[in-house]
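Residue strings, one per chain:
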Protein chains: 8
Amino acid sequence: MYIIVVGAGQIGSQVLDLATASDNEVVVVEQDPEVAEEASREYDCLVIEGDATDREILEDAGAEQADAIICTTDEDATNLMVLFIAKELEISSLVTVVQDPQHLNIFRRVGATILENPQRLIAQYLYQAIQRPSVEDFMELGGDAEIFEVTVTENAAIAGKTLSEAGSESLLGEDVLVVALQRGEEIVTPRGSTRIEAGDTVTVFAREGMTDDLVELFVGEQEVAE
Amino acid sequence: MYIIVVGAGQIGSQVLDLATASDNEVVVVEQDPEVAEEASREYDCLVIEGDATDREILEDAGAEQADAIICTTDEDATNLMVLFIAKELEISSLVTVVQDPQHLNIFRRVGATILENPQRLIAQYLYQAIQRPSVEDFMELGGDAEIFEVTVTENAAIAGKTLSEAGSESLLGEDVLVVALQRGEEIVTPRGSTRIEAGDTVTVFAREGMTDDLVELFVGEQEVAE
Amino acid sequence: MYIIVVGAGQIGSQVLDLATASDNEVVVVEQDPEVAEEASREYDCLVIEGDATDREILEDAGAEQADAIICTTDEDATNLMVLFIAKELEISSLVTVVQDPQHLNIFRRVGATILENPQRLIAQYLYQAIQRPSVEDFMELGGDAEIFEVTVTENAAIAGKTLSEAGSESLLGEDVLVVALQRGEEIVTPRGSTRIEAGDTVTVFAREGMTDDLVELFVGEQEVAE
Amino acid sequence: MYIIVVGAGQIGSQVLDLATASDNEVVVVEQDPEVAEEASREYDCLVIEGDATDREILEDAGAEQADAIICTTDEDATNLMVLFIAKELEISSLVTVVQDPQHLNIFRRVGATILENPQRLIAQYLYQAIQRPSVEDFMELGGDAEIFEVTVTENAAIAGKTLSEAGSESLLGEDVLVVALQRGEEIVTPRGSTRIEAGDTVTVFAREGMTDDLVELFVGEQEVAE
Amino acid sequence: MYIIVVGAGQIGSQVLDLATASDNEVVVVEQDPEVAEEASREYDCLVIEGDATDREILEDAGAEQADAIICTTDEDATNLMVLFIAKELEISSLVTVVQDPQHLNIFRRVGATILENPQRLIAQYLYQAIQRPSVEDFMELGGDAEIFEVTVTENAAIAGKTLSEAGSESLLGEDVLVVALQRGEEIVTPRGSTRIEAGDTVTVFAREGMTDDLVELFVGEQEVAE
Amino acid sequence: MYIIVVGAGQIGSQVLDLATASDNEVVVVEQDPEVAEEASREYDCLVIEGDATDREILEDAGAEQADAIICTTDEDATNLMVLFIAKELEISSLVTVVQDPQHLNIFRRVGATILENPQRLIAQYLYQAIQRPSVEDFMELGGDAEIFEVTVTENAAIAGKTLSEAGSESLLGEDVLVVALQRGEEIVTPRGSTRIEAGDTVTVFAREGMTDDLVELFVGEQEVAE
Amino acid sequence: MYIIVVGAGQIGSQVLDLATASDNEVVVVEQDPEVAEEASREYDCLVIEGDATDREILEDAGAEQADAIICTTDEDATNLMVLFIAKELEISSLVTVVQDPQHLNIFRRVGATILENPQRLIAQYLYQAIQRPSVEDFMELGGDAEIFEVTVTENAAIAGKTLSEAGSESLLGEDVLVVALQRGEEIVTPRGSTRIEAGDTVTVFAREGMTDDLVELFVGEQEVAE
Amino acid sequence: MYIIVVGAGQIGSQVLDLATASDNEVVVVEQDPEVAEEASREYDCLVIEGDATDREILEDAGAEQADAIICTTDEDATNLMVLFIAKELEISSLVTVVQDPQHLNIFRRVGATILENPQRLIAQYLYQAIQRPSVEDFMELGGDAEIFEVTVTENAAIAGKTLSEAGSESLLGEDVLVVALQRGEEIVTPRGSTRIEAGDTVTVFAREGMTDDLVELFVGEQEVAE
């Protein structure tokens, strides 16, 4: 793919790192000379120092053959203008971060794929880390449903039981599904006869979300501040 | 919970937004007077303007009764020093972002829960948006296993089939599990008889990760740039 | 009218001066505190210090009752974002300056009335002043047609002749029309019998534009640098 | 012509663009090194970095052979000093912008052609765009007289009528003259038999200025905010 | 007298010190807020913070009743503009420093009393101090004529002689005149019989200027570097 | 002479101009790189960029062979330190400006020749220019005695009279002496028979200082503001 | 004592901390407003914001009753000027840091007690810490003589021996004297019968300085990098 | 030894001066380009411009072969992070300054040799200089014990007496020991028969610290401010 990245700041440079690792042709447009120079030193990509809201700069960046553009600046107005020009130049895949939620509709009208307020994404992880320290990763689905990952402890109620046992003892209800189970390096597809052991990392689907009781089932009673 | 947040920048202020929304007591320590003042205006929390590596500042922030501290500055050295003092002050839950992967071991030694390079997390989402535009969310498990969310299209091979049919036609192998299915507002726990329809948003566990073929099964053949 | 002016810089403050002179309600949004304060001191209008790309700021400025918005910042990206929000807020009259001609189509799509590159407008006047120093004002029409204003000199060929005489002597062709004539304070509507005299300021329509010969007819031969 | 431009800022650079497009020899004097360098890159002219109030700098700029000097800085005091030196160096055509109207007399005493407060010129266009959105261009003559350009709408009273009919129906009085009429690409010199049609762009001389009634005659009744 | 001083910098503040010591009404106009404030604290005068090239500022400073204006800024362009406005406001006595000698004619045309390049005046005193360390003060007249002040030393040829003796011994020629003689606190008007003694401070008029020989006559032979 | 100048600012550069004009070897020490570079471009002297309070810098400047050092910086503390080092390095002639009169004793103890507060010198000239506009130059002697220079006007009481006549008519008292008289380019040594004519520039010694009456004798009654 | 401290920077503020802890009256003069304000907040002393080279500032600081002045700025020139004024004001005890060793003589001439280049003092401690890590503190006397402090290790040759034994075994020569010995909290005055034990901290006078062999006697053979 | 110095500021550069004087291999890491460049010019060592908290920078500095690292920055957090990385890289000797005493425990845990708040060390010397001006150097031992150095004055009670006499006259108690005595260039090991003379510099161990009486014994009664 031919990808144009707009902005080589903290987020932009990580995108460069990912995009240049695969077999893409990558061009980055960055206005700040020092930041541009550092990007040039660090990543195997073409760096264009300039203002991406200047149509000629985008053309220099090869907009005509680009498959995708990713806007990473923290100025919504800049990202918006760039996306408009990118659309005129017929770049098919438009991706952007959006800082201010009230600007979402405007960006949607351009047809861009949006990552709303990336800082919030990070904040959720940090906040989760103190709220449910035992949960290692999680993903929100529609409604209240969530998928989460925990490592089973010795004093967990479920430790040492098969999934069938856990079901018949009403430890696991209908709305909960153990999706995957990692033991050491191996990923096990769980069946009724699979026995959950302390130290297993389990991935759990919870239709009603990860409640305290549900998490406790896997990690035992935790000392938690109120 | 009594939570101390260090830094009220882009990430820190989002943490404040989350933490003050629930029933927590929240104190933020921020060195930059302007940033501190803005935090004070925006969030319902105590704002202390000062350097969190100064033990007295942390004490003023109520470290003695704090349950958790979240370090959000982009200076690893600052976060490290703060965590050390926090540990001396016996704050039990220590959470931090870490910019430089080479510092991870040092932070682990302090016993902190770490969110490594948050900007990379964002970059992954952005990059994924152009690589697999149909994938709406995803989570990496151990090994190659991944869970992902897509919306089924009309020309998807699986559209109109029950999960049993999909299994018997070898569309879905052993290593793939449809974990959940959202139709309109409703979350359906999928069974063999559940019929996948165009417009459903499905959550899929893939033991070998989301390959092009697997994604195509749900969203049909996409015109993709090489 | 209720008018929101965005930007109180050199152009914005002149707009404020004009708009507050008539019976309008005027609000200006300006990000720079010092500029905002000066506007507040100078003009009889409400001054809101803030970023007009923030929807709440525009709402504070009374966007819901505003009849018109005039964007005067020299950042096209800012003006574009503001116009989009203004449109969402259903302000009916959208006016803006546009710096970069390549952005014109994007602005047109928003439905704004555009004043393209205002600095060029000024430059034309300055350049005209040395190219045709005798021309006092001018306006470009479609094609090559122009209207211009000159003051007739004593040694002009037309001085002392009636318009009829000038026509019959082939001084004035079909494509030229003396539209108006100012003598002292009085504006005369010219007829065939009107005699052009030295000192008269005449407004001339020239279908083929103001050629050297045509201008010379009214101001005599000028010493001009090559 | 040999032209010296003082200042290569926003206005100055537009003057450079115009002056270098024709067959002139152009020199620009600019004090700010970065602005000077950019002018040097953009325009085909000699750029002298320095203070134009330094007589030697003006001499280096070729003042002795210059036909004209155009001062575009936004410091009246600088422009004044430059004009005085230019006069001593016997540059015949002196042109300048003047910011502060109270300085006009002083500049007139030097004998310069003056463009008073250029930002106001722009503001007038912007303000006119919301006051009379149907008027596309205009020029002020002596007294109240104005010339303006509008495009005739379908529901205009004059649409479909010849100029004679309009006169005999008292739609057009003595003080109004349709000077020119553009239909498609063609400019028509209007006569009594010329029929005004919707879509025509007409140039109108109005001895008493463009009143609401007069404009309405050509564009019909407009929904206008009060 | 009513005096307006423009600029309260190093020179301006000394002028304020002198002017406020006598029975004058003094107003100073200074643009820099800090400098203005300091002037306000130090001197018994009205301080107006603002740009003196703004006519209204000068009017606020009481230009209409002012007898004199003294421009002390180190920007010739500023001083020039101020003097022009001062002239329009009919201040009768116009005084200014001028930095660049090439601007002298322009300032003379305004009718100002000029102190050309004051830094040079100082430099002359400093340089004189090493060239002729024994000369305590001096003044240049027309041609080569100079007046200077020295203190007579013991080994001076003239020490112990009356002026008559000095004349008859051809020590003092026709072109030299001892104008005054200070002995202790007393000023003596010298006559032929006045005896010059070591320690006297004499003021000498020298038609051909102060030559080494002449100075040596009063101070003896000095050890001087070449 | 071998002269070291400390500081190449406004005063220092004028000293350089004077010192390099004669046949001296001149070295200047200047800390500010830009100022140093400009001095290097303008004057025919060695420029050392550095801090003159650093003994090695002074040695590099050739302190061992220097006859004189002139300190022109506006920091008394810097000048003092430099003079101390210069004395250690046995430079025989030490000259300096001193800003703060309260530091005079300290500088005198070093044995330096002092030009106290040079800005005051300038201020005196400026102030004199409005107090006695007819006085062209002046010099203060001991006591109240002054020497001054004026140009005789037509309506002066003394115009047309010989010095003898002026004496016998009691126009000139004992305490006043016409020291010199310039007529055109010629300097005349005045005698009793010398006739003062309008247009003559006379140099006058006044034992009691230049009173209004005395000045009026030479320039007639002037219209003077009170 | 009444003490004036000049400069409230890193060193100055530590002096304030010490001086205000005892029963002194302390005044500090600091030019930087922020630093002054912080000193005012932290220490119980009078803080005067201003330039200590201004005699009036020193007088305001109570120079007339002051017993001592301590100059802590890192500008030698400033410290010198302050000391001169302090001497004029008859402050009896003058103390200062001196940065540049070449300025020592000048400061000595003022009669000040000097702490030469304090940063070097620190550097010596740091460097010593890697050169002889076992030496805990040290003091240089005249010649090569040094006093140092080490803690005796188990494998030291002297451990377990009385001083007499150590002497008779020629472990301790004539030129070495164990001055003091700390065991636990107690300081023991060592005599011949005093037995040195591992864990004792001994203070040793070494006439020829602390050689490797001597140090090794007390701390055993250390693994040392070359 | 192979030594890495972190920071080339005031303290760091002094360490460089010491470390490069002996036969060490020295590398300095400094973030500020200008400071780095100056270090490079002044000292014979490798200078690496960069952030020492970046592990790769420390590796570039040769951490693998380094025997010691000395942290001299004034940011405790930076020093801490560097020490942690240095420990991971197995540098055996870790030395650092610590600004904030409350951070001492944290640094001790890393196992670093610490120089606590170096500015305080300097302050103690300065303060001592006014408290006991006669004490030339001193060292604090455990408890109240101190060693100090004074020069004996003529009117000291001990002057002219042998140590035995001083002991028997109860001038010197048990708790006081004259450790060394410098007469001219020579260091004398004092015995009972050694006679103390005015002008000798004596080093004294005082178990109870240097009291006024004890110091007075050696320097006589001093005039001291209260």
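These notes cover the structure that comes with them.

Here is what the cut-offs are and how they apply
- Residues numbered from 1 in each chain as written.
- Chains lettered and ligands numbered in written order.
- Predicted model: local features only at pLDDT ≥ 70, side-chain atom pairs only at ≥ 80, totals over all residues.
- Heavy atoms only, no water.
- Contact = heavy atoms within 4.5 Å.
- Buried area = accessible area lost by both parts, 1.4 Å probe.
- Salt bridge = Lys/Arg side-chain N within 4 Å of Asp/Glu carboxyl O.
- Helix = DSSP H or I, 4+ residues; strand = E, 2+ residues; numbered from the N terminus.
- Least-squares fit on C-alpha atoms with pLDDT ≥ 70 in both.
- Disulfide = S-S within 2.5 Å.
- Buried < 20%, exposed > 50% of the residue type's maximum accessible area, 1.4 Å probe, protein only.
- Pairing = 2+ DSSP bridges.
- Axes fitted to C-alpha atoms, helices over the stretch in contact; angles between N-to-C directions.

Contact with chain F, which involves 61 residues of that partner, is made by 60 residues of chain E. The contact between chain F and chain E buries some 5,400 Å² in all, and 67% of this surface belongs to carbon and sulfur atoms. If you sort the residues of chain F by the area they bury against chain E, Leu126, Tyr127 and Ile130 of chain F come out on top, with a joint share of 13%. Taken together, the links from chain F to chain E amount to 4 salt bridges. Two residues, Glu174 of chain F and Arg191 of chain E, come together in a salt bridge whose shortest N-O distance is 3.2 Å.

What follows is about the environment of Ile85 of chain D. With respect to the helices and strands, the residue Ile85 of chain D is situated in helix α4 (residues 76-88). Between the C-alpha atom of Ile85 of chain D and that of Thr53 of chain D, which follows or precedes it by 32 residues, the distance is 7.5 Å. Here Ile85 of chain D is in contact with Ala52, Thr53, Arg55 and Leu58 of chain D together with His103 and Ile106 of chain E, once residues within four sequence places are set aside.

Let us look at the relation of the copies chain G and chain H. Overlay of chain G on chain H (RMSD 0.1 Å): rotation 180°, translation along the axis 0.0 Å. In the structure described here, the two chain copies are related by an operation that fits a two-fold rotation axis. Comparing contact sets, 100% of the residues at the interface of chain G also lie at the interface in chain H, consistent with an isologous, same-surface contact.

To continue, consider the state of the cysteines. All names here are of chain E. A full pass over the atoms with the stated rule returns 0 disulfides over all chains. Free of any disulfide, Cys71 has its nearest cysteine sulfur in Cys45, 16 Å distant. Given a relative accessible area of 0%, Cys71 falls into the buried group.

Once chain F has been moved 0.0 Å along the axis and rotated by 180°, it coincides with chain E to within an RMSD of 0.1 Å. The share of interface residues of chain F whose copies in chain E are also at the interface is 98%, consistent with both copies meeting through the same surface.

A word on the sheet that holds strand β3 (residues 46-49) of chain F. Residues and elements named next belong to chain F. As summarised here, the arrangement of the 6 strands in space is β3-β2-β1-β4-β5-β6, forming an open sheet in which the pairing is parallel. The sheet terminates laterally at β3 and β6 (113-116), the two strands that pair on one side only. On average, adjacent strands in this sheet sit at an angle of 15° to one another, irrespective of strand direction. The pairing of strand β1 (residues 2-6) with strand β4 (residues 68-71) spans 4 bridges and is parallel. Within β4, the residue paired with Val5 across the bridge is Ile70. Relative to strand β5 (residues 93-98), helix α4 (residues 76-88) is tilted by about 175°, and along the sheet it contacts β1, β4 and β5.

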